[in-house]
Amino acid sequence: MGGLSERISKWVKSTQFYRAIFRHGYEDTPRNRALTTFSNVLYHLHPVKTRRESIKLRYTWCMGGTSLLLFVILSATGVLLMFYYVPDTRRAYQDIKDMMMVVSYGIIFRNIHRLAAHGMVFTVWVHMTRVFLTGAYKPPREFNWIIGVMLLMLTLLLSWTGYLLPWDQLALWAITVGTKMAAATPLFGVEGPFGPELGMRPDNDVKFMLLGGTEVGQNALLRFYVLHCVALPLLVVVLLAVHFWRVRKDGFSGPL
Ligand code: HEM
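Residues numbered from 1 in each chain as written. Predicted model: local features only at pLDDT ≥ 70, side-chain atom pairs only at ≥ 80, totals over all residues. Heavy atoms only, no water.

*Asks:* Could you give me a rundown of helix H12 (residues 218–250), with the residues and numbers involved?
*Replies:* Compared with an ideal rise of 1.5 Å per residue, which puts 33 residues at 48 Å, H12 spans 46 Å between its outermost C-alpha atoms and is within 8% of the ideal. Maximum bend of H12: about 45°, positioned at Leu-227. With its phi angle positive at about 75°, Gly-251 sits one or two positions after the end of H12. (Helix = DSSP H or I, 4+ residues; strand = E, 2+ residues; numbered from the N terminus. Expected span 1.5 Å × (residues − 1). Bend = angle between axes of the 7 residues up to and from the residue.)

Shown next as structure tokens:
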């Protein structure tokens, strides 16, 4: 029996289909074992060699990992919320109310989504603080620090774009204030330094681009919805892939 299963396993591992997916490791040699580790996407999240001290909780605070966990929770609950929410100014407010009062478990998933969003802003800041305090931003990790800054910006932009979606008074005025600030951006805002000199007008500056108009209305809601649910999460996923790849390639920093 043992011989048969061994032969079947050998045959499966010799097929082109299997080898196309698992490129290394079908022959148990030291070289293949090393290649399996190097190329495996799960092992890939961590460097091949890691000092014990570098992954201690008291060193990393596990804040990068917690940020990732919260991002996964946000994506899962966000998809569930999308089943009940329509980005239409005539419906959005009522949809959120229904989610809280009518839809089964709606209140739980909305609150998990909201709390996780607050939590992620917090954990990403703390993660960045840890990286700064331990000097992990120094060479050879300076490129990953830049990727991290982009991730921080995206995390804040995700929170900000999500803010408009409930279409209540808080949302409306928060985005009104935020986009007015955008109008004061240097170079790209009509009220910003050198904006008018570069040809910025109320109908072509960065505020106009964000709102799809000059005030917060249907176009703005649709833009924020697409940014919040598709564009920004996709960008985060791409940058996280680069971030983790660098964590592995640069190797963990660690206490001296
Ligand atoms: C979505 C946000 C982010 C996620 C999910 C994330 C995730 C992670 C994870 C899991 C690690 C492995 C070590 C650890 O957990 O501490 C890590 C390392 C690192 N992160 Fe982030 N990170 C994010 C944002 C940032 C930000 C905002 C910065 C800095 C501006 C940053 C800079 C770094 C650097 C330099 C390392 C290497 C640290 C070392 O080797 O000790 N990351 N990140």
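*Asks:* So what's going on with helix H9 (residues 142–164)? Which residues, and what values?
*Replies:* Helix length check: H9 (23 residues) gives 34 Å between terminal C-alpha atoms against 33 Å at 1.5 Å per residue, within 8%. Summarising the contacts, the buried residues of H9 are in contact with helix H6 (63–82), helix H8 (106–133), helix H10 (169–183) and H12. (Contact = heavy atoms within 4.5 Å.)

*Asks:* Tell me about the site of the ligand, and please be specific about residues and values.
*Replies:* The full set close to the ligand counts 25 residues, and His-127, Arg-130, Gly-148, His-243 and Ser-253 are the nearest of them. Arg-130 is positioned with one of its side-chain polar atoms (N or O) 2.8 Å from an oxygen atom of the ligand. Contributions of two or more residues to the shell around the ligand are made by H6, H8, H9 and H12. It is H8 that provides the largest number of residues to the shell around the ligand, a total of six residues. (Near = heavy atom within 4 Å. Polar contact = N/O pair within 3.5 Å; in protein donor to acceptor, adjacent residues only side chain to side chain.)

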